[in-house]
There are 2 protein chains.
Amino acid sequence: MDASFWETRFAKRTERVKSSAIREILKLTQQPGVISLAGGLPAPELFPLEAAEQACSRLLREHGKEALQYSTTEGHHPLREWIAATLPKTNANEVLITSGSQQGLDLAAKLLVDPGDTVLVESPTYLGALQAFNPYEPRYVSVPVDESGMQVDRLEELLKQKPKFIYALPNFQNPSGSQLGLERRTTLVKLAAEYRVPILEDDAYHHLNFQEGIMPTLYELDKTLGSGNNVVYMSTFSKTLAPGLRVAWTVGPAEVIRKLVQLKQGADLHTATLNQMLAFELATTVFESQVARIRRTYRARRDVMQEALSQTMNGKARWNTPQGGMFFWLTLPAHLDASRLLEHAVRHKVAFVPGEPFHAGGGGKNTLRLSFSYPTPENIREGIARLSESLEEIVD
Amino acid sequence: MDASFWETRFAKRTERVKSSAIREILKLTQQPGVISLAGGLPAPELFPLEAAEQACSRLLREHGKEALQYSTTEGHHPLREWIAATLPKTNANEVLITSGSQQGLDLAAKLLVDPGDTVLVESPTYLGALQAFNPYEPRYVSVPVDESGMQVDRLEELLKQKPKFIYALPNFQNPSGSQLGLERRTTLVKLAAEYRVPILEDDAYHHLNFQEGIMPTLYELDKTLGSGNNVVYMSTFSKTLAPGLRVAWTVGPAEVIRKLVQLKQGADLHTATLNQMLAFELATTVFESQVARIRRTYRARRDVMQEALSQTMNGKARWNTPQGGMFFWLTLPAHLDASRLLEHAVRHKVAFVPGEPFHAGGGGKNTLRLSFSYPTPENIREGIARLSESLEEIVD
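Reading the values: rules and limits
Residues numbered from 1 in each chain as written. Chains lettered and ligands numbered in written order. Predicted model: local features only at pLDDT ≥ 70, side-chain atom pairs only at ≥ 80, totals over all residues. Helix = DSSP H or I, 4+ residues; strand = E, 2+ residues; numbered from the N terminus. Rg over C-alpha atoms; globule rule 2.2 N^0.38 Å. Buried ≥ 20, exposed ≤ 12 C-beta atoms within 10 Å, placed from the backbone. Least-squares fit on C-alpha atoms with pLDDT ≥ 70 in both. Contact = placed C-beta atoms within 7 Å. Pairing = 2+ DSSP bridges. Nonpolar A, V, L, I, M, F, W, Y, C, P; charged D, E, K, R; others polar. Expected span 1.5 Å × (residues − 1). Arc of directions from axis to C-beta. Axes fitted to C-alpha atoms, helices over the stretch in contact; angles between N-to-C directions. Parallel < 35°, antiparallel > 145°, perpendicular 65-115°, else oblique. Left-handed = near helix turned anticlockwise from the far one by under 90°. Domains from an automatic or database assignment.

Structural notes on the overall build of chain A
Then, number 1: Each helix and strand counted, chain A has 13 helices and 14 strands in total.
Then, number 2: Relative to the compact-globule value of 21 Å for 396 residues, chain A shows a C-alpha radius of gyration of 21 Å, a close match.
Then, number 3: With respect to the three principal axes, the spread of C-alpha positions in chain A is 60 × 60 × 50 Å.
Then, number 4: Taking all 396 residues of chain A together, 54% fall into the buried category.

Right under this line is the structure:
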């Protein structure tokens, strides 16, 4: 049987699903000695290992038969209640536990997107969301992002095209690191309600703000200023407790959650029981201290990267200083290509992610994402120095 | 905003995704005093709790930063190697770790099914597979199952309709408990190769055989008698270690696995890292002893249910004696309705699952599934006695 036997049987939707060239380049970066500013990995030295070990032992000893058994698709009820309590006017039955936010994105698109439907995304936007949405064959319209997030003055003309939903990342957006301003939040929520276009709010980086206080979520603003049921909200423990647990949540009107539950039942029955119980234990014990440690550490690393960029890249690239999250976003002069820069960078043993794939409508060839959450301060300094040398080579 | 605001935005595919009436009835069965012969739950008293606790502690202590971090979509490499070694002529790069077999079913349909495509299923077949496939909008053709599994003499006329794939459950099928005979396996594999129709083999109950030795899988037979790349094989730790871990696998040609990896990346990034490492630890230590305990225990419970059925149901229903797995399948006289029986049974405080939803093409109203893996021998006897009383009521 020839090699293409299976390919001829793949569904049409898989044409939109491709392995990226970048992924191949980034495999090279796993070689020893390469400093990676590429992956969006949390700092593993901050994982709550002891607390997790103790909680895991206790759970298996005292509730092992429950922790290892099948459980409900909706999720572990105490965890759903804990999440509901962190949100305004929300009940546990409006909360679905998902296997990472990635699953929330997949299920939302499965619920809402018919082939050819329009989805409104930010530009740049989270690459993983495009990977989740693509198999459902949407077409995209994009709103540009600047350092205050989505440029909402460009929104109204696009809403007239009646997109199925707006995918928004208001806090420390992956990849740009930008935060949506309060006035823009209000405009976005009001316009979406007026045009009756739902918002899918992805708030994975909510707790990673470097200043005191956090702006209200779109979900919260919709409860007070909008229709009250126009936002489906998503967040995760991946940036605060541990990504390897794959525990996240989607919150929305009960009728939406009910339908998502049915889709999730077909997709993976339920999220691992032990992981949900463990996440609940950690959420109710070490969560606040974890968040404080992570914010402190990442803020310091942000400062180191900011300083290193200022010392080596001034005049060669533009960037904004992120007020939270894990990423700097660099814009090179328009004629430079970040993919070409990556080839040079890999030879200098430093890696980053080129920005183009984060643009649903193309463009952004001269942009790139740098992560400061995973590397040590020493590696950040050395990595930026190497990046600067690589840039010198392609400027010539 | 009216209640139907969201409903008008749901994608067309969701019309095929419904909550079942049975699920609602079965919620009643969670009341105290109800004996459930309904759910397909493993016996939790057989979970390897101590081994899991020790392995979990060791993993978090010695490999915690890896166990709680993001990992590759393909899965934990040592686990992929362990699985490959259990199968004939198989490499680790032909193995994908999934979040339960349920995810394997979802991804397979996402890969292969365009709306309107034909999928060939057994009748009855696993309900969860239909729930996974339905959002991709296939139409079904069915091959009846008898006590020796799929009636392969009915297969050839259906293969002429060029189905996209054959979904087969050769070992102790959920729900019927039947096992596909060796001669039928050979016929199935050869016919599928001849008509170039791939087989998706779901072997969740592989290790739960009550006799010595197990027949070769379709995957193995295809390596020797068929094309060698016509079968995608799935199995799971849910019936041998613990379902709450959500660790299973899909095995197939490298080009299929590569594409499934891309789809899984969009669906949930990867299966929980800790769970994969824990499953590997348990697989390489207590797996054999677990399987032996489970087979012994379930065989004894099978015998108890067989005896109880013989004492109370002879002449009132037909059933075959399963040689493995977790289920008896009862056929009532044609004019009786198992849903009506369930209403009476719930009043008698015993629950089961009516057989109709397991039939993709309808029918089977007079069939039902009884699980013997979860209830104790005492509860099996009492449950069957109550079921028999309930049946008396609807026979009148």
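Things to note about the relation of the copies chain B and chain A
Then, number 1: Rotating chain B by 180 degrees and moving it 0.0 Å along the rotation axis overlays it on chain A with an RMSD of 0.0 Å. As the rotation angle and translation indicate, the two copies are arranged about a two-fold axis.
Then, number 2: With an isologous cut-off of 70% or more, the 100% of interface residues of chain B that recur at the interface of chain A puts this contact in the isologous class.

Some words on the sheet that holds strand 13 (residues 353–354) of chain A
All names here are of chain A.
Then, number 1: Strand order in the open sheet formed by four strands is 10-11-14-13, with antiparallel pairing between adjacent strands. Looking at the sheet topology across the chains shown, the edges are occupied by strand 10 (318–319) and strand 13.
Then, number 2: As paired elements, strand 11 (residues 327–331) and strand 14 (residues 367–371) share five bridges and run antiparallel to each other. If you follow Trp 329 over to strand 14, its bridge partner there is Arg 369.

A short note on the interface of chain B and chain A
Then, number 1: Each side of the interface is counted separately: chain B has 67 residues, and chain A has 67 residues.
Then, number 2: Every element with two or more residues in the side of chain B that touches chain A is listed here: helix 2 (49–67), helix 4 (100–112), helix 5 (127–133), helix 9 (254–268) and helix 10 (273–283) of chain B.
Then, number 3: Here the residues of the side of chain B that touches chain A sort into 32 nonpolar, 20 polar and 15 charged.

With respect to the sheet that holds strand 10 (residues 318–319) of chain B
Then, number 1: Spatially, 10-11-14-13 (chain B) is the arrangement adopted by the four strands of the open sheet, whose pairing is antiparallel. The strands lining the two open edges of the sheet, one partner per strand, are strand 10 and strand 13 (353–354) of chain B.

Here's the deal with helix 7 (residues 182–194) of chain A
All names here are of chain A.
Then, number 1: Here helix 7 contains 13 residues, and its C-alpha end-to-end distance of 18 Å stays within 8% of the 18 Å for a straight helix at 1.5 Å per residue.
Then, number 2: Taken residue by residue, helix 7 has Arg 185, Leu 188, Val 189, Ala 192 and Ala 193 as its buried positions. Down the axis of helix 7, the smallest arc covering the buried residues is 120 degrees, so these residues share one side.

Things to note about the packing of helix 3 (residues 77–85) of chain A against helix 10 (residues 273–283) of chain A
Residues and elements named next belong to chain A.
Then, number 1: Taken N-terminus to C-terminus, the directions of helix 3 and helix 10 make an angle of 45 degrees; their axes are 9 Å apart at the nearest point. Classified by the angle their axes make, helix 3 and helix 10 are oblique. Note that helix 3 runs across helix 10; the crossing there is left-handed. Facing helix 3, whose interface residues are Pro 78, Leu 79 and Trp 82, helix 10 presents Gln 276, Ala 279, Phe 280 and Ala 283.

Looking at the domain arrangement of chain A
Residues and elements named next belong to chain A.
Then, number 1: Under the domain assignment used here, chain A contains domain 1 (19–48 + 289–395) and domain 2 (49–283).
Then, number 2: Averaged C-alpha coordinates put domain 1 and domain 2 at centres separated by 25 Å.
Then, number 3: With 28 residues of domain 1 at the interface, the matching set in domain 2 holds 33 residues.
Then, number 4: Elements with a minimum of two residues in the side of domain 1 that touches domain 2: helix 11 (287–313) and strand 11.
Then, number 5: Its residues assigned to classes, the side of domain 1 that touches domain 2 comprises 14 nonpolar, 10 polar and four charged.

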